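Structural overview
Next come the chains, spelled out residue by residue.
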Amino acid sequence: MDHGFKRVAVLGMGTMGAGITQVIAQAGYDVTALEADRARADAGVARVRAFLDEGVSRGKVTPEERDTTLARLTMVTDPADLGEADLVIEAVFEDRDVKFALLQSVCEAIGPDAVIVTNTSALSVSDLATAVPATTGFAGLHFFNPAPLMKVIEVVRGLQTADTLVHRLIAFVESLGKTPVVVKDRPGFLVNHLLIPYLNDVIQEYDDELASAEDLDTAIRLGLGHKLGPLELLDLIGLDVHLHATESAYAATHDIRFAAPPLLRSMVAAGRLGSKSGSGFRTDEETAS
Ligand SMILES: NC(=O)c1ccc[n+]([C@@H]2O[C@H](COP(=O)([O-])OP(=O)(O)OC[C@H]3O[C@@H](n4cnc5c(N)ncnc54)[C@H](O)[C@@H]3O)[C@@H](O)[C@H]2O)c1
């Protein structure tokens, strides 16, 4: 199917926006990326360049591919400059008010046939859709971190998302060399809906002294064939990020599986956030050894 998207805009060039921009530009699309100001825009481009440079040094990306990818990227700081985009991917702070305000101003710039998708992890796609006119196609397009490396993208069907848009987004995701899965709009969508309770269970098992942190990770890596053990994964994600994700899902569902384990709260309160703070479930052990 011809998805019909030619000019893509990405809102926000943080961790996810920079990765998403890179994926789309590397697939051959022209991308206009919006940041809040020039300094953040420069930081976003530097993030893309650093990731591509890393690819070059590992022999995964040619220097020519890096240069043509960067040449397809235009940075802007004013939503009014997004007028030519026919697909807008929103990847700004995970804050409903910030997203609402930005989506409303972007809608004043883009054409009536343009489509907006959100990369939110925890907010409701059906709720965010109410920020834009009912005639503007809206869905979730949930990339995983780091976007250039992760192969799957969740196409999230909000209550307002038309079937034709789902099909166009599936074709678009495939054109990026990624694998789409279509999921309902529910807290955590598919992957995080399963992952969050699993990680909460592991934290509780660790707190109950079922096994050492190292043995818990080893058992899951070798027993289930996962690349990372769950406690290593928590350190990588950031304990504060996981706490926010599980609290958001709990607030939306009151499902006990999303209730934050007490140890998680204590560790975040103590500043033990995982790799980024140098201290977490596994990070201390690595430092000590
Ligand atoms: N980090 C992850 O692992 C991950 C994974 C999947 C989805 N997400 C989702 O992706 C989105 C972005 O997350 P992130 O981790 O990249 O956040 P981030 O904090 O790294 O980046 C957000 C960026 O948005 C920019 N921004 C904020 N307001 C803006 C505005 N009005 N106009 C233009 N730019 C603006 C900020 O300057 C910042 O660079 C969130 O909705 C998050 O839930 C994150």
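Scroll up for the structure.
Residues numbered from 1 in each chain as written. Predicted model: local features only at pLDDT ≥ 70, side-chain atom pairs only at ≥ 80, totals over all residues. Heavy atoms only, no water.

Observations concerning the environment of Gly55
With respect to the element layout, Gly55 can be found in helix 2 (residues 38-57). Apart from residues no more than four positions distant in its own chain, Gly55 is found in contact with Lys60 and Val61. (Helix = DSSP H or I, 4+ residues; strand = E, 2+ residues; numbered from the N terminus. Contact = heavy atoms within 4.5 Å.)

A short note on helix 3 (residues 63-71)
Three or more residues of helix 3 are buried, namely Arg66, Thr69 and Leu70. Along the axis of helix 3, the buried positions cluster into a sector of 95°, meaning they face one direction only. Across helix 3 from its buried face, at more than 90 degrees, point the exposed residues Glu64 and Ala71. Buried positions along helix 3 lie against helix 1 (15-26), helix 2 and strand 3 (73-76). (Buried < 20%, exposed > 50% of the residue type's maximum accessible area, 1.4 Å probe, protein only. Arc of directions from axis to C-beta.)

What about a negative patch on the surface?
There is a patch of like negative charges on the surface, built from Asp201, Glu205, Asp207, Asp208 and Glu209. Among the secondary structure elements, Asp207 is positioned in helix 7 (residues 191-207). (Patch = residues over 30% accessible without salt bridge, like charges linked within 9 Å, V, L, I, M, F, W, Y side chains within 5 Å. Areas by Shrake-Rupley, 256 points an atom, 1.4 Å probe, with all protein chains shown as cover. Salt bridge = Lys/Arg side-chain N within 4 Å of Asp/Glu carboxyl O. Lys, Arg positive; Asp, Glu negative; His and termini not counted. Charge placed at Lys NZ, Arg CZ, Asp CG, Glu CD.)

Section: the packing of helix 7 against helix 10 (residues 239-253)
Remark: helix 7 packs on helix 10, axes separated minimally by 10 Å, with the N-to-C direction vectors making an angle of 120°. Classified by the angle their axes make, helix 7 and helix 10 are oblique. In terms of crossing hand, the pair formed by helix 7 and helix 10 is left-handed. Taking contact as the criterion, the partners of Ile196, Leu199, Asn200 and Ile203 in helix 7 are, on helix 10, His242, Ala245 and Thr246. Looking at the contact of helix 7 with helix 10 residue by residue, the classes come out as four nonpolar, three polar and no charged. (Axes fitted to C-alpha atoms, helices over the stretch in contact; angles between N-to-C directions. Parallel < 35°, antiparallel > 145°, perpendicular 65-115°, else oblique. Left-handed = near helix turned anticlockwise from the far one by under 90°. Nonpolar A, V, L, I, M, F, W, Y, C, P; charged D, E, K, R; others polar.)

A short note on the site of the ligand
The environment of the ligand is made up of 21 residues, and the closest members are Met16, Glu35, Arg40, Glu94 and Lys99. Arg40 is positioned such that a nitrogen or oxygen atom in its side chain is 2.8 Å from an oxygen atom of the ligand. Note that an oxygen atom of the ligand is positioned 2.6 Å from one of the side-chain N or O atoms of Glu94. With the chains in place, 78% of the 830 Å² that the ligand exposes on its own is no longer accessible. Listed by contribution, the elements that provide at least two residues to the shell around the ligand are helix 1 and helix 4 (96-109). Per-class residue counts for the shell around the ligand are nine nonpolar, eight polar and four charged. (Near = heavy atom within 4 Å. Polar contact = N/O pair within 3.5 Å; in protein donor to acceptor, adjacent residues only side chain to side chain.)

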